[in-house]
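Now for the letters of each chain:
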Amino acid sequence: DEEVLKRIEREVRMREGASKLLAACSRREQALEASKSLLTCNARILALLSQLQRMRKAQVLQRAGRRPSEDIVPCLGKVAISDLRIPLMWKDSEYFKNKGELHRCAVFCLLQCGTEIHDTDLVMVDRTLTDICFEDTIIFSCVVEDFFPGALGPRRVSRLGGSLGCSSGRKIRAAFESATVCGSSGGGEGSGRVSPPLSPDSSTLGPKYNLLAHTTLRIEHVQGSFKTHDLLLEATEDSPFWLPLYGNMCCRLVAQPLCMIEPVISGQLKVMLGEDLNCWQNVYGVLKGQSLLCYQCQEELESEDKPLLVIHIKKDTLVCLSEMHPDRCQSLYISTQHQGRDVTSTLTTHTPEDAQRWTVALWQHVYNMSEAWMCKIDHLNLLRATS
C-alpha cells in the first residue's frame, strides 16, 4: 500500500496546484482547464482511498488467518475506448432557424476503470453541432475489482488515516474531506458513478461542472466495431446546465486479457506420446494464449523454432490432476474439443509442487478465457461547465 499512498500524495499535490491555478486564472479557457483538472484529481483521490481501505481490510483478515475471498480472480488486462460520439437533438427553431441566443458550454468525459481515471479534452458545444465528438483514445491497464465511490465513509477514512503516519494521515484526511464536497449535480452514494467533487476553498471560484449523463460499459459490450450504448440522463430540460442529449452514445470498445499475449507459466514437463504408457517425451512447456506450446528444450523457444507439440487450450477445456499412473507420479489430463473431436493430452511433472503449480495455472487460464474475465469500464461521466 506504500505505492497507493504515494499515488494519493501525488494527486493531492496536483490538486493543490490546480486550486492555485484556478484562483490565479484570468482567462476563461484557463479556468475551464484548471477546474477540470481539479475535478479529475478529486475523483482519483476518492478512488485511491477506496482501494487503500480494501487493502487494509485484506491485511486485517490475513493477520486473523482468514482469506478475504475464496473466489478466483480473473487475470489483468487492457481496455481501450475511442471514437466517442454523443448525438444532440436540438429543437427545429434552434438548429434550423438559428433563433435565440447562441449559448456555448464546455463539455468533457470522465472515464473510470477501477482506480484508473482519465478525462478527455474539452469540447466547446453550441447549437451548430449535431454531435459531441471526443477524439481521445484512452487505454486502461485494468485491475479486476469492484469499485463503489460511496463505499468509503467518513468514519472509515478516520480509522484509515489514524493508521498512517501523522503527516500522511493529516494530508489524506484533508484530501478526503475536500474531495467529498460535491458540485451542484450531486449524486447518491452507491449510485455507480462519480459525482463532480469540488474543494471548499475553490467551490466559489471559476466555472463549475455538472453531471449531464453517465453509463457503464462491461466486458460484454466489447466489440471491434463502432457500437451504440444507452446513456442515463441526469439533467432535465429545466436545469440551467441542460443540453439536448439524444440519450445514447457511440464508441469503439476493445479489451485484451494479458494472458492472451504474455506467457502465463513455463517449465519442464513430460508428455505422453500417443496412447503408449511407456512413451514419454521431456519438453519445455509454455502456456500462452490458446495454446500450451511444448518445445524439446528451452533453447528452441528462445530461437523461435516451431514447437514439438501444440496442446490447444480453450474456454471449455477440462483440466484434471490424477495420481493413477503406475509409477505414482501425478499426471495432468487436458481434454479439449478440436476440429470436431475430443483430444486428451497427458502430462507429468518432476515434483508434486510443479504438478500443483501447473494445475492451478491451467485452471486459472481456462477461467480467464471464459465469461469470468469481467474487467470493466466503470462510470463514464459526461459533464458540462456552467459559470
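The structure this text deals with has already been given above.
Here the structure is a predicted model, which means the values were calculated and not measured.

Draft legend 1. The sheet that holds strand β12 (residues 280-288), seen in detail. Ordered by their spatial adjacency, 7 strands build an open sheet running β14-β13-β12-β11-β17-β16-β15, and the pairing between neighbours is antiparallel. A strand with exactly one partner marks an edge of an open sheet, and here the two such strands are β14 (309-312) and β15 (318-322). Between one strand axis and the next, the sheet turns through 35 degrees on average, direction left out of account. Against the sheet, helix α7 (residues 352-369) makes contact with β11 (265-272), β12, β13 (291-295), β15 and β16 (331-338), and its axis sits at roughly 105 degrees relative to β11, the strand it touches most.

Draft legend 2. Region of the structure containing the pattern of salt bridges. Per the counting criterion, the structure on display carries 7 salt bridges. With a closest N to O distance of 3.2 Å, D119 and K36 form a salt bridge. Of this pair, D119 sits in strand β3 (residues 116-119) while K36 sits in helix α2 (residues 28-63), and the two are 83 residues apart along the sequence. The residue R85 makes a salt bridge to E135 at a minimum N-O spacing of 3.4 Å. In this pair, R85 is assigned in strand β1 (residues 77-87) and E135 in the loop between β5 (131-134) and β6 (138-142), connecting sequence segments 50 residues apart. R85 gets classed as partly exposed once you look at its relative accessible area, which sits at 21%. Sharing partners across several salt bridges, the network here consists of E33, K36 and D119.

Draft legend 3. Fine view of α7. Taking 1.5 Å of rise per residue, 18 residues should cover 26 Å, and α7 covers 26 Å from first to last C-alpha, within 8% of that figure. For α7, every residue scored as buried is listed here: A355, W358, T359, A361, L362, H365, V366, N368 and M369. On its buried face, α7 sits against β11, β12, β13, β15 and β16.

Draft legend 4. Fine view of the packing of aromatic side chains. Counting across every chain of the model gives 1 aromatic pair. Considering the side-chain rings of F108 and Y209, the 5.0 Å spacing of their centres and the 90 degrees angle between planes classify their relative orientation as edge-to-face. One end of the pair, F108, is in strand β2 (residues 105-113); the other, Y209, is in strand β7 (residues 208-217), and 101 residues separate them in sequence. Given a relative accessible area of 1%, Y209 falls into the buried group.

Draft legend 5. Representation of the environment of V286. Topologically, V286 is positioned in strand β12. Sequence separation between V286 and Q268 is 18 residues, and the spatial gap between their C-alpha atoms is 9.1 Å. When sequence neighbours within four positions are dropped, the list of residues in contact with V286 reads P263, I265, S266, S291, L292, L293, L301 and W358.

Draft legend 6. Seen up close, the pairing of β1. Across the 11 residues of β1, 8 count as buried, placing the element largely inside the fold. Of the pairings in the sheet, the one linking β1 to strand β10 (residues 248-257) comprises 7 bridges and is antiparallel in character. Within β10, the position partnered with S82 by the bridge is R252. Direction of pairing for β1 relative to β6: antiparallel, over a ladder of 5 bridges. Residue pairing across strands places A80 opposite I139, the latter belonging to β6. Bridging between β1 and β5 involves 4 bridges; their strand directions are antiparallel. By the bridge assignment for β5, P87 is matched with D131.

Draft legend 7. Geometry of helix α1 (residues 2-24). If you check α1, its first and last C-alpha atoms are 33 Å apart, about what 23 residues at 1.5 Å a residue would give, namely 33 Å. Along α1, the residues classified as buried are V4, L5, I8, E11, V12, R15, A18, S19 and L22.

Draft legend 8. Main features of empty space enclosed by the protein. Inspection of the entire model under this criterion finds 1 cavity of 30 Å³ or more. Roughly 30 Å³ of volume is contained in the largest cavity. Taken together, L212, L233, A235, W242, L243 and L245 form the lining of the largest cavity.

Draft legend 9. Layout of the packing of α1 against α2. The N-to-C vectors of α1 and α2 enclose an angle of 160 degrees; their axes lie 9 Å apart at closest approach. Judged on the interaxial angle alone, α2 and α1 are roughly antiparallel. In this structure, α1 meets α2 at a crossing whose hand is left-handed. For the contact of α1 with α2, a count of residues per class yields 17 nonpolar, 5 polar and 5 charged.

Draft legend 10. View of unusual backbone geometry. With phi around 55 degrees, D83 is a residue other than glycine that occupies positive phi space. Within the secondary structure, D83 is located in strand β1. Given a relative accessible area of 24%, D83 falls into the partly exposed group.

Draft legend 11. Region of interest: the environment of P240. By the element assignment, P240 lies in the loop between β9 (232-233) and β10. Placed 30 residues apart in sequence, P240 and N210 show a C-alpha to C-alpha distance of 9.9 Å.

Draft legend 12. Up close: the pairing of β10. As paired strands, strand β8 (residues 226-230) and β10 are joined by 5 bridges and run antiparallel to one another. Bridge pairing links T228 to C250 in β10.

About the criteria used
Residues numbered from 1 in each chain as written. Predicted model: local features only at pLDDT ≥ 70, side-chain atom pairs only at ≥ 80, totals over all residues. Heavy atoms only, no water. Pairing = 2+ DSSP bridges. Helix = DSSP H or I, 4+ residues; strand = E, 2+ residues; numbered from the N terminus. Axes fitted to C-alpha atoms, helices over the stretch in contact; angles between N-to-C directions. Contact = heavy atoms within 4.5 Å. Salt bridge = Lys/Arg side-chain N within 4 Å of Asp/Glu carboxyl O. Buried < 20%, exposed > 50% of the residue type's maximum accessible area, 1.4 Å probe, protein only. Expected span 1.5 Å × (residues − 1). Phe/Tyr/Trp six-rings, centres within 6.5 Å; stacked < 30°, edge-to-face > 60°. 1 Å grid on protein atoms, 1.4 Å probe; cavity = no way out; pocket = protein on both sides within 12 Å on 5 of 7 lines; lining within 4 Å. Points joined across faces, edges and corners; volume = space filled by probe spheres on them. Parallel < 35°, antiparallel > 145°, perpendicular 65-115°, else oblique. Left-handed = near helix turned anticlockwise from the far one by under 90°. Nonpolar A, V, L, I, M, F, W, Y, C, P; charged D, E, K, R; others polar.

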